[in-house]
Every structure is written in C-alpha cells, then in structure tokens.
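Residue-level structure breakdown
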Amino acid sequence: MLLISSVIVKVISAFYKIPLTAYIGAEGRGYFSVAYNLCLPIHALTMGAFPVALTKLISTADAKGDTKGIYALKAASSKLFGLVGFAGMAVMLIAAKPYSVLISSSPESIYTILALAPSVFFSCLCACRRAYAEGFLDMKLTAASQLIEAFSKMVFGLLFARVSLGLFCNEYAVYGTVLGSYAHSESEALAHIYPFTSAFAMLGATFGSVLAYAFSLVYNRINYKVPKVGRGDVSLASRELMSFSLTLVGATAVQSLANFFDTSSVQYCLSLCDETALKEVYSYSGTDIHTYVLGIFATALDFRNLVPSIVMALGVAAVPAVSSAYENGSESFSNLISSIFKYSTVFSCLGGTVLMLFGDEILTVLFSKSNPDIAENASRILFWFGATVVPSGVATTVVYCAQSLGFADKSIPSFIVGAAVRVLINFLLIPKSGIDILGSTASVFFGFLVIVIWNILIITKYTNVKIGLFSTFVKPVFCAVITYLSVFFIKSHNIFTINLYIDLMIYTTISLTIFVSLLFFTKCMTLKDFIHKIL
C-alpha cells in the first residue's frame, strides 16, 4: 500500500512541475531548487529521526503488550513533535536571507523560502500521527496523507502560479510595471515576475501540508482513541522517546548537514564555471546562466528522485517489521533483511534503466511544446542520473534498517565520509568545461556507495545476519545491464517507428518484460517467492 501510494505521490510531484515550469520558467525552477536545498536538511532532521524513533518504540511496546506505554508515548510525542516542528520552521525563517544571499547567490529566492517554511511545522505534526499508526503496521494513514499532500500541492501550486502570473503580466501590459517597478522589456518584466510566481506556487506545498495534517488528526482520533495518561507516565515516555531519538538525531543531523554541504557545493562550484562556455553548452542567451543551469538540473533531478523516493517506501515499511523481528529473535530476520535489500536493488536498477533508455523521450513528451530548451538540455543529465542512481536508492532502505536496529550512532561516520567524497568530487569535476553539472552525478554515486557499504557492514557485524551479496546486489545489476543493452540495440535499429508516444509504450513494455524475465531466469526472484510476498 505504501509503495503504491509513494509511486503515485512521486509521479504527481514530478508531473505537476511540467505545467508549473511553463509558468515560472527554468529560472523559477532555480528558485524552487534553492528553497528546497535549505528546507530538505531541516525537514530531514525533523522528519527523519523522531518519527523513526516513535515507530520503533510503539512497535516494541505493542510486541510486549504494553498498552499503558503506548498511550504514554502517544501523549508525549504530540508535544515533542510540535516543538520540533516549530523550531524547524523558525530556523528556515531566520536562515532565509543569509542563505539566499551568501550561499546560493540568489537574493530573489528568499520569497520562495519564506513561502515554504510553514510546511515544516505542519509536516512534523502530521509525521507524529503517521509514525504512531506505522508502529502498528498501519500504513493507510501514511499512504492517504501523502496522496492528499501531493494532490493539494499540485492543485494549489498551479492555481496560485497561474493566477499570480496573470495578474503580474496584466499589470505589465497595462502600466509597464511589475509591483510598481518599471520594466523596460518583456524579458526584464519576467525576471521580476518569476521570483514572486515561484513563491506563490510554493504556497501550494504549505497548503498541502496543512490539509495532510488535518486528515491525520481526524484519522487518529477515529482509529486510535487514547485515554488520559498520568503525568508521570507521560514524563517517563518523553524521556524514553528523547533518549532513543538522540542517536537518531545525531545521525540524521550529520546526514542532513552532509546533504546540505553537497547541494551547497554544487551551487558554489557551478558559479565557478566559465559563463561563456556554459552559455554555449546550454544555448542560453539570458543574463543568469547559473540559475538557469540549476533549474535544468532541478528538472532532471525531479525524475531521478522518483527512484530513491519510491524505494524509500520499503525502508519506511521495514522499520516496524525489522525492529519486531530483531527484538523477538525471529528466525526469519536474515531472510527479511536480505529481501528488503534485494527488492530495493531491483527497484533501483529498474528505475535507473528506464531513465537511461527513455529519459530523452520522456522529456520530449513532457516539455517539447512548453519548454523545448529544457527537453534538450536536461536529457544528458537524466541519462547519467539513471546510470548512477542505484547506490542512492539502496541507501534509503539500508540506513532505515540500521537505524531501526539501534545502530544510528554507528552510521554517523558513513555520512561524514560520504559527504566528504561528494563535496571533493564536486570541486574536482563541476568547474571543468564540458563536465559542469554532470560532475554531481558522479559525486552522488560514490558518496552513497560509501554509505551503503558502511551500513551493511554495521548490520552484518552487530546482528550476525547473513546477506547473499551475489543474489541481493549483483544479480539485479546484471539483469539491468542486459536489459539496457538489449533495448538499446532494438532502439538503435528503429524497429518500432509508429510515433513517439506509442513507441515509448512499446519499448517500456519490452524493457519491463526483459528485466522481469531475467530476474526469474537468474533466480534472483522465484515464482514461489513472488507469490509468498504477495500473500
């Protein structure tokens, strides 16, 4: 259920940005990227540590039949998550101006950051309710609230962007001004308009988080009625939740800072690139080439992020199952861990193969009419994202499993080393002409590869779990490589040339058929195993 909802959510998130980009342009996408680059580490810290801790403690208490402890944890978590969410929102509001000016060199992005900041507070409140339900292996709330948030973000984001763009353009057409300031040309007017239309569009994300929280609040009150608990029990539960969260907070803080330094280094290293060379590579004639390239990069990143985001659903669902199996000393623990890692690799390989084979066609279908420059310039970035996406996809579940087993503190060095590798490669490759932003794809690959290997070693060392590396990792990658070569050969001979849309459907079906067939042929998956997983 969570996997299906995550797929739908990520598809909505990716595809709503297609008409959005028509309203705000590549520069507007650059402002979006700056805002999210600041928000994501804060969001990860507030949403990555405490929800995992709450889910873990609820599932453990449920396994022991400790009903009183469950009620106390529910009461304690509501206050804690509210404080954490407010603190996260405050940090975004305070850091908005210095980050937009000093780090991103994009002062106009401050409006987008301010519009996004309240979503941190409401997302944290919603996460509290989700994590509580997940502790009982109830994924319905998470799935439904994710869909509500994504759909609302799309509807309100597009509505606000369209209305604000119309108002600003009408003002320019009638008075020659934008918010009272004169614009001497249409391009100058759009340069003034895009920061504000981007901010209005970003308000859609905030509205979505509010509606998702409202739904989670109603759902919990209907399905999980909690009687009053004594203050002493709540205080004890608060200490237990904080104690277990501390190592997770430390690990998540390091991971968030690592991602922050990585994204900031990408922006900084991009500013070191030769402007003339960049304009020639991207056929750009405007005045802000660095923001433009960042917007192109962000567009390709939307599709690339579909892969680890979808795979992350396995990690979220795995937390209570892995925690419970480990606590109870279940004999199926090794099989559970191996299955989670294997299917994470399978989905990551499939997603990467699709991006490599059909990235150009997907971008052409979606952007050729509204933004043909994006379709042309983002295709090479998307290809290399597909080729390097597997470690970042697998890392999501590996890290979740390590944290759910109580090894969050031991994961911290992996994030530090992984971040150092990513930043170093960014500085080595991005400023070079002919490589520029593509250097980020290499840095992400090697940085997350370090994190995957490090955390697998931690899990195997401290749990004595046996993981078949060949069947878990090598076989899916082998199947993906053969699938790519086979379909690439078929495409190069133009066997199907009906039209772009039909050809894309045919080739996608062929790719999926070959990939799944190879999984069964190599016994990476068996029919018995497949039926067992469904049942």
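In this convention, every chain numbers its residues from 1, walking through the sequence in written order. Note on the predicted model: pLDDT of at least 70 is required for a residue's local features to be given, and 80 or more for side-chain atom pairs to be given and counted; whole-chain, interface and lining totals, by contrast, use all residues. The side-chain figures draw on all heavy atoms in the structure; neither hydrogens nor water molecules are used.

**Concerning a nonpolar patch on the surface**
- Each patch is built from residues that are more than 30% exposed by relative accessible area and take part in no salt bridge. Like charges join if they lie within 9 Å; nonpolar side chains (Val, Leu, Ile, Met, Phe, Trp, Tyr) join within 5 Å. In this description, accessible areas are obtained by the Shrake-Rupley approach with a 1.4 Å probe, and a residue is regarded as covered only by the protein chains that are shown. We count a salt bridge whenever a side-chain nitrogen from Lys or Arg sits within 4 Å of a carboxyl oxygen from Asp or Glu. Judged by side-chain polarity, Phe446, Leu449, Ile453 and Leu457 come together as a nonpolar surface patch covering roughly 360 Å² of accessible area.
- In DSSP terms, a helix is any run of H or I states spanning at least four residues, a strand is any run of E spanning at least two, and both are numbered starting from the N terminus. Here Leu457 shows up in helix H17 (residues 439-463).

**Here's the deal with the packing of aromatic side chains**
- Stacked, edge-to-face and tilted are the three classes for Phe, Tyr and Trp ring pairs, Trp counted by its six-membered ring, which pair at centre distances within 6.5 Å; planes under 30 degrees apart are stacked, over 60 edge-to-face, the rest tilted. Per the counting criterion, the structure on display carries 20 aromatic pairs.
- Ring centres 5.2 Å apart and planes at 35° place the aromatic pair Phe156 and Phe207 in the tilted group. Taken as a pair, Phe156 in helix H6 (residues 140-175) and Phe207 in helix H7 (residues 186-223) lie far apart in primary sequence, 51 residues in all.
- With relative accessibility at 24%, the residue Phe156 sits in the partly exposed group.
- A relative accessible area of 37% means that Phe207 is categorised as partly exposed.
- Relative to Phe446, the ring of Phe445 lies with its centre 5.0 Å away and its plane at 90°, an arrangement referred to as edge-to-face.
- Three labels apply to residues, based on accessible area from a 1.4 Å probe with only protein chains included: buried if under 20% of the type maximum, exposed if over 50%, partly exposed otherwise in between. We classify Phe446 as partly exposed; its relative accessible area is 42%.
- An aromatic cluster is present here, built from Tyr111, Phe168, Phe196 and Phe200 joined pairwise through their rings.
- Charges are assigned to positions over rings by a cutoff of 6 Å between ring centre and Lys NZ or Arg CZ, combined with an angular limit of 35 degrees from the ring normal. Note that Lys74 overlies the ring of Tyr132, its terminal NZ or CZ placed 5.6 Å from the centroid.
- Geometry around Tyr462 places Lys410 over its ring, the cationic atom sitting 4.8 Å from the centre.

**What to know about the environment of Val281**
- Assignment of secondary structure puts Val281 in helix H9 (residues 275-282).
- Val281 gets classed as partly exposed once you look at its relative accessible area, which sits at 38%.
- Put simply, Val281 and Ser33 are 248 residues apart on the chain and 21 Å apart in space, counted from C-alpha to C-alpha.
- Setting aside residues up to four positions removed in sequence, Val281 forms contacts with Asn377, Arg380 and Asp436. Residue contacts are counted whenever heavy atoms from the two residues lie within 4.5 Å of one another.

**Some words on the packing of helix H4 (residues 67-103) against helix H5 (residues 110-134)**
- A fitted line through C-alpha atoms represents every axis, and for helices the fit uses only the stretch in contact; the resulting angles, taken between N-to-C directions, go from 0 to 180 degrees. Where H4 contacts H5, the two axes come as close as 8 Å, and the packing angle between them is 170°. Judged on the interaxial angle alone, H5 and H4 are roughly antiparallel. As H4 packs across H5, the resulting crossing turns out to be right-handed.
- Polar here means any residue outside two lists: the nonpolar Ala, Val, Leu, Ile, Met, Phe, Trp, Tyr, Cys and Pro, and the charged Asp, Glu, Lys and Arg; Gly therefore counts as polar. Across the contact of H4 with H5, the residue classes break down as 23 nonpolar, six polar and three charged. Angles below 35 degrees are treated as roughly parallel, those above 145 as roughly antiparallel, those between 65 and 115 as roughly perpendicular, and all remaining angles as oblique. Each crossing is labelled by how the near helix is turned from the far one, with a counterclockwise turn of less than a right angle marking it left-handed and a clockwise turn marking it right-handed.

**So, the nonpolar core**
- We call a set of buried residues a nonpolar core when its members are Ala, Val, Leu, Ile, Met, Phe, Trp, Tyr or Cys and they connect through side-chain atoms within 4.5 Å of each other. Ranked by size, the top nonpolar core spans 69 residues in total, and within it Phe303 and Ile381 carry the most contacts.
- Among the elements that make up this core, the one with the highest residue count is helix H2 (residues 17-48) (twelve residues).
- Leaving out residues up to four positions away in the same chain, Ile381 has contacts with Tyr282, Ile296, Phe297, Ala300, Ile437, Leu438 and Thr441.

**Notes on the pattern of salt bridges**
- By the definition in use, this model includes five salt bridges.
- Arg422 is paired through a salt bridge with Asp262; the nearest N and O atoms lie 2.8 Å apart. Linking Arg422 in helix H16 (residues 408-429) with Asp262 in helix H8 (residues 231-271), this pair joins segments that are 160 residues apart in sequence. The same class applies to Arg422 and to Asp262, which are both buried.
- Put simply, Lys491 and Glu361 hold a salt bridge, and the shortest N to O gap is 2.8 Å. Residue Lys491 is located in helix H18 (residues 469-492), and its partner Glu361 is located in helix H12 (residues 333-367); the two are separated by 130 residues in the primary sequence.

Distances and angles like these do not, on their own, reveal function.
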